[in-house]
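# Observations on the model geometry
What follows is each chain in one-letter form.
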Amino acid sequence: MNVLVRETTMPLLRVRGLTKFFPVGGTPVKPHYLHAVDGVDLTIGAGESLGLVGESGCGKSTLIRLLSRLLEPTAGEIGFGDRDITQIPLRQFAHQPERAQLQMVFQDPSDSLNPRFTAFDTIAEPLRRLGHLQLTGAPASKAALRERVSELADWVGLPAELLPRFPHQLSGGQKARVGIARAIALSPKLLILDEPTSALDVSVQAIILHLLADLKARLGMSYLFVSHDLNVVRLLCDRVLVMYLGKIVESGPVEEIFTAPRHPYTQALVAAIPSFGERSRHVELTGEPRSPIDPNPQVCRLYGRCPRGGDRCHQELPLLQGISPEHEVACHFPNPSLTPAGALN
């Protein structure tokens, strides 16, 4: 079932049945596959911020690498603008206009920066390589390049005197700013953020999050924000997708998901937020997650851990179903939240 969409116009990103299976042994007759992403549907509207949450191993990283065309899907479609970009081979995608319009901020700014590039060269690299893909035409002159890099550095709060420095000469927060400036250099329509603050100190995290909110307002970009920190998602996002073992199990507006989660897994995530730990006793997931290798297509992925699991959950995989105009849940027994509405305020 497709995720409900608020926009009456065509969304910026439209994903249908996106699947990625990795071979993990077996025999030629009976191979085994790890179902990292299994039939995911999602949409992102122009100017919208969509949060993607779930525990480690749920498939978030694989999903965003599929969306950014760093991995080839096993099946499914990714509509970006007016094109199905899954029809563009990976090696050719770097030469397409969509590459400039779809950019990514990586999780660890230290690992994602070339140690031999100065901050200036890192920010300038997409302009040199992909600037010709934009509507502006030919690559910029050296003077225009210097002006654009200076402008981007100013937008992200990176002092001009730091531009000649190499990554090892920068702090974690400064490297994060360089990575963000590089990602927005081509004025992308969609920015995918892979836990961009998880490697930073708490005090620096808050500064970078405010910076991202300011940049979104300034440039009108759409965000796909991946995070383990649900408080961060609530701060920055309009809607939330909750992922578990390759499946989207709940989708809806951020306030509705946080104040009235309907899926037991979402309720457990919300109850586990440190500031609301006193309610964690209400939703307890016992046991271990099911194996993502060759999962039974008839069994709910949460079966065996879920406090509500019944015979139907072992016989029929629940599909996303609408419980309000914009709220969907994949559960046979979508009980109302066990926490009072508005309790997170």
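Before any of the text, the structure's been laid out above.
Right, let's walk through the structure included here. All values reported here derive from a predicted model rather than from experimental measurement.

On to the packing of aromatic side chains, then. A complete count under the given rule lists one aromatic pair for this structure. With a centroid separation of 4.6 Å and an interplanar angle of 55 degrees, the aromatic rings of Y244 and Y265 are classed as tilted. One end of the pair, Y244, is in strand β9 (residues 239–244); the other, Y265, is in helix α11 (residues 264–271), with 21 residues separating them in the sequence. Overall, the relative accessible area of 1% leaves Y244 in the buried class. Positioned above the aromatic ring of F93, the side-chain terminus of R69 is 6.0 Å from the ring centre.

Next up on the list: the packing of helix α5 (residues 119–130) against helix α6 (residues 142–155). Two quantities define a packed helix pair, namely the angle between the helix axes and the distance between the axes. In the contact formed by α5 and α6, the axes pass within 10 Å of each other and the chain directions differ by 120 degrees. By the angle between their directions, the pair α5 and α6 is classed as oblique. Here α5 runs over α6; the crossing is right-handed. Residue-level inspection shows F120, I123, A124, L127 and R128 of α5 in contact with α6, the latter providing L145, R146, R148, V149 and L152. For the contact of α5 with α6, a count of residues per class yields seven nonpolar, no polar and three charged.

Let us look at unusual backbone geometry. Although it is not a glycine, R69 sits at a positive phi angle of roughly 60 degrees. The topology assignment puts R69 in the loop between α1 (60–67) and β4 (75–80). The buried category is assigned to R69, whose relative accessible area is 3%. The phi angle at E195 is positive, at roughly 45 degrees, despite the residue not being glycine. Structurally, the position occupied by E195 is in the loop between β7 (190–194) and α8 (202–219).

Bringing the pattern of salt bridges into the picture now. Scanning the entire structure with this criterion turns up 11 salt bridges. For the salt bridge of D38 with R301, the shortest nitrogen-to-oxygen distance reads 2.6 Å. Here R301 lies in the loop between α11 and β11 (321–324) and D38 lies in strand β2 (residues 31–44), a separation of 263 residues in the sequence. Exposure class is identical for D38 and R301. Each is buried. In this structure, the salt-bridge partner of R148 is E151, at a minimum N-O distance of 2.8 Å. Separated by three residues within a single helix, R148 and E151 lie in helix α6, roughly one turn from each other. A relative accessible area of 35% means that E151 is categorised as partly exposed.

Across the eight residues of α11, eight count as buried, placing the element largely inside the fold. The set of residues buried in α11 consists of P264, Y265, T266, Q267, A268, L269, V270 and A271. Elements that come into contact with the buried residues of α11 comprise β3 (49–53), α9 (230–236), β9, β10 (247–253) and α10 (254–259).

Time to look at the pairing of β2. The pairing of strand β1 (residues 13–26) with β2 spans 10 bridges and is antiparallel. The residue bridging G26 from the neighbouring strand is P31, located in β2. Hairpin connection from β1 to β2: four residues lie between these consecutive antiparallel strands.

Quick look at the sheet that holds β10 now. Across a sheet, paired strands are connected by hydrogen bonds in the backbone, their directions being either parallel or antiparallel. Read across the open sheet, the eight strands follow the order β6-β7-β8-β3-β9-β10-β12-β11; overall the sheet is mixed. Each end of this open sheet is capped by a strand with a single partner; those strands are β6 (102–105) and β11. Each neighbouring strand pair of the sheet contributes to a mean axis angle of 20 degrees, computed without reference to strand direction. The pairing of β10 with strand β12 (residues 327–329) spans two bridges and is antiparallel. Counterpart to S251 in the pairing with β12 is E328. Contacting β3, β9 and β10, α11 crosses the sheet at an angle of about 110 degrees to β9.

Thresholds applied
- Residues numbered from 1 in each chain as written.
- Predicted model: local features only at pLDDT ≥ 70, side-chain atom pairs only at ≥ 80, totals over all residues.
- Heavy atoms only, no water.
- Phe/Tyr/Trp six-rings, centres within 6.5 Å; stacked < 30°, edge-to-face > 60°.
- Helix = DSSP H or I, 4+ residues; strand = E, 2+ residues; numbered from the N terminus.
- Buried < 20%, exposed > 50% of the residue type's maximum accessible area, 1.4 Å probe, protein only.
- Lys NZ or Arg CZ within 6 Å of the ring centre and 35° of its normal.
- Axes fitted to C-alpha atoms, helices over the stretch in contact; angles between N-to-C directions.
- Parallel < 35°, antiparallel > 145°, perpendicular 65-115°, else oblique.
- Left-handed = near helix turned anticlockwise from the far one by under 90°.
- Contact = heavy atoms within 4.5 Å.
- Nonpolar A, V, L, I, M, F, W, Y, C, P; charged D, E, K, R; others polar.
- Salt bridge = Lys/Arg side-chain N within 4 Å of Asp/Glu carboxyl O.
- Pairing = 2+ DSSP bridges.

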